[in-house]
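Coordinates in review
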Amino acid sequence: MGNMQQGTGFVFHLDGAETEAIRALVDDLDFTYGNAHFDQVYWQCALAAAGLPSRLRRALLEMKALLSAQEGYLVVRGLPLPPELPPTPRGKPEPENQAVDWCRLLLVTLLSQVGFVYSFKGKVDENYVDSIFPIEADGQLQAGSNKTFLEWHIEDGFHQASADWVSLLCLRGDPAVETHIFPASAVTLPEAQMEQLYQPQYLLRSDFTFDGANRCARQVAVLSRHRSPEIVFDPAFMTSPTPEAQAALDALHALVNREKRSLVLAPGDLLLFDNRRTVHARSEYAPRYDGSDRWLLRGLVLESKFKARDCFPKEPFLAY
Ligand SMILES: O=C(O)CCC(=O)C(=O)O
Ligand SMILES: [Fe+2]
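Here we summarise the structure given alongside this text. Computed from a prediction, not measured in an experiment: that's the story for all the values here.

1. Comments concerning the overall build of the chain
Along its length, the chain carries 6 helices and 14 strands. Scaling as 2.2 N^0.38, a compact globule of 320 residues should have a C-alpha radius of gyration of about 20 Å, and the chain matches this with 19 Å. Projected onto the principal axes, the alpha-carbon positions of the chain cover approximately 60 × 45 × 45 Å. Of all 320 residues assigned to the chain, the portion counted as buried reaches 42%.

2. So, the sheet that holds strand E10 (residues 238–239)
Pairing in this open sheet of 3 strands is antiparallel, and the strands run E9-E8-E10 from one edge to the other. Sheet topology places strand E9 (217–220) and E10 at the edges, where each strand pairs with a single neighbour. Pairing between strand E8 (residues 202–205) and E9: 4 bridges, direction antiparallel. Along E9, the bridge assignment pairs Tyr202 with Val220.

3. A look at unusual backbone geometry
The linkage connecting Lys92 with the following residue, Pro93, adopts the cis geometry, with an omega of 0°. Following the sequence through the fold, Pro93 ends up in the loop between strand E2 (73–77) and helix H4 (98–111). Of note, the phi angle at Tyr289 is positive, near 55°, even though the residue is not glycine. Topologically, Tyr289 is positioned in the loop between strand E13 (278–282) and strand E14 (295–302).

4. Overview of the pairing of E2
The buried fraction of E2 is high, at 4 of 5 residues. Strand direction decides the pairing type here: strand E1 (residues 11–13) and E2, joined by 3 bridges, are parallel. For His13, the partnering residue across the bridge sits in E2 and is Arg77. Pairing geometry for E2 and strand E12 (residues 270–274), over 4 bridges, is antiparallel.

5. With respect to the environment of Thr188
Relative to the elements of secondary structure, Thr188 occurs in the loop between strand E7 (179–183) and helix H5 (191–198). A C-alpha to C-alpha distance of 12 Å links Thr188 and Arg225, two positions 37 residues apart in sequence.

6. Quick look at helix H6 (residues 243–259)
Here H6 is 17 residues long and its end C-alpha atoms lie 24 Å apart, about the 24 Å a rise of 1.5 Å per residue gives. Among all positions in H6, only Ala248, Leu249, Leu252 and Val256 are buried. Summarising the axial view, the buried residues of H6 lie within an arc of 100°, below the 170-degree limit, and thus occupy one face. Turned more than 90 degrees from where H6 packs its buried face, Pro243, Ala254 and Arg258 sit exposed.

7. Description of the site of ligand 1
Around ligand 1, the surrounding shell consists of Ile132, Gly144, Leu150, Leu168, Thr179, His280, Arg282 and Leu296. Residues of the shell around ligand 1, tallied by class, amount to 4 nonpolar, 3 polar and 1 charged.

8. Focus on the environment of Leu171
Looking at the element boundaries, Leu171 is found in strand E6 (residues 165–172). The class for Leu171 is buried, based on 23 C-beta atoms found within 10 Å. Distance from Leu171 to Leu297, taken between C-alpha atoms, is 7.2 Å for residues 126 residues apart in sequence. Aside from chain neighbours lying at most four places away, what touches Leu171 is Leu81, Leu85, Cys103, Pro267, Trp295, Leu296 and Leu297.

9. Quick notes on the packing of helix H2 (residues 38–48) against H4
At a closest axis distance of 8 Å, the pairing of H2 and H4 adopts a crossing angle of 65°. When the axis of H2 is compared with that of H4, the two are roughly perpendicular. Regarding H2 and H4, the two cross each other, and that crossing is right-handed. For the pair H2 and H4, the contacting residues are Val41, Tyr42, Cys45 and Ala48 in the first and Leu105, Val108 and Thr109 in the second.

Analysis parameters
- For every chain, the first residue of the written sequence is number 1, and numbering continues from 1 onward in sequence order.
- As a convention, the first chain written is A and the first ligand written is 1, with the rest following in written order.
- Where totals are concerned, whole chains, interfaces and linings use all residues; where local detail is concerned, this predicted model gives features only for residues with pLDDT of at least 70, and gives and counts side-chain atom pairs only at 80 or more.
- Every helix listed is a DSSP run of H or I at least four residues long, and every strand listed is a run of E at least two residues long, numbered separately from the N terminus.
- Throughout, radius of gyration means the C-alpha value; the globule benchmark is 2.2 Å times the number of residues raised to the power 0.38.
- Labels follow a simple rule on C-beta atoms placed from the backbone: if 20 or more others lie within 10 Å of a residue's own, it is buried; if 12 or fewer, it is exposed; otherwise it is partly exposed.
- Any two strands with at least two DSSP bridges between them are considered paired.
- Expected span of a helix, by definition, is 1.5 Å for each gap between consecutive residues, and there is one gap fewer than residues.
- The directions from the helix axis to the C-beta atoms form the arc being described.
- Only the C-beta atom matters for nearness: placed from the backbone, it must lie within 6 Å of the molecule or strand for the residue to count as near.
- The nonpolar class holds Ala, Val, Leu, Ile, Met, Phe, Trp, Tyr, Cys and Pro. Asp, Glu, Lys and Arg form the charged class, and all remaining residues, Gly among them, are polar.
- Residues are scored as being in contact if the C-beta atoms we place from backbone atoms lie within 7 Å.
- Interaxial angle, 0 to 180 degrees, is taken between N-to-C directions of lines fitted to C-alpha atoms, where a helix line uses only the stretch in contact.
- Angular relationships are summarised with four words: roughly parallel below 35 degrees, roughly antiparallel beyond 145, roughly perpendicular across 65 to 115, and oblique for the angles in between.
- The hand of a helix crossing depends on one turn: near helix anticlockwise from the far one by less than a right angle means left-handed, and clockwise means right-handed.

It is worth stressing that arrangement in space is one thing and function is another; only the former is reported here.
Printed below as a string of structure tokens:
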């Protein structure tokens, strides 16, 4: 379990009554999930979110306001899941399923308290709430569907409209898999190396989640000098212009591997992290590809849609 810091304010346990109240709220939604009408889904979920247990709404807002979860992430445990989920998909596109769409509605309802749920045009999987599960053919790829160590990264760091927050809702767990997190605020390296990381000199290429025609790259600083520092780190897709720049990147890599926070996601757990202020990774593991593998839903969240209005995949956002 690495350095899981129970009790420091970022693990939030729902009690049984809260779990059932959330279940009833999602059961009562009288619309269906769908990517084609996602704008309506989002706003209706946002309205319904007024009925979430107030302790949970407060935890989400406090995380957003940087009033809690000082390390930039929050785990909510005990969310309701449908009584029966289909087998974990083995490839994309995954079969449509009502129980999974119920979970998507749950996730969008929670995320509506934090920001706007969005997706990118040009992604291989343009779903607003996408799915992460192991795919046999991707075993060695640096992608969430692999089985080797998923390297440290922020989500879509190569893109100017990368998410402000990222959420992972666990539908099916695997006790042998750890998700790792590291907050930018805990990066302390010798001054000369910090200076390297502050320079916008690292080239970051897009990963395999973008299709060929939409691959892009941008030059970034790894660290910002803000009081609550921001970070863009993705060593598998980053190149350095000089040996000094690379040495600083390697030192950071060693630091996050050494001092990482780790957690095992169980069904009904939501991990919500600040994608500007933390980096994350996932341990190597042994998927079985038999329908019983680990399965997460992922929602990307923006503080404002305006910075990304040219990047949305489909019609619903044309008003912007
Ligand atoms: O599986 C996890 O815990 C994290 C996955 C992830 O970070 C990703 O797919 O981008
Ligand atoms: Fe990720």
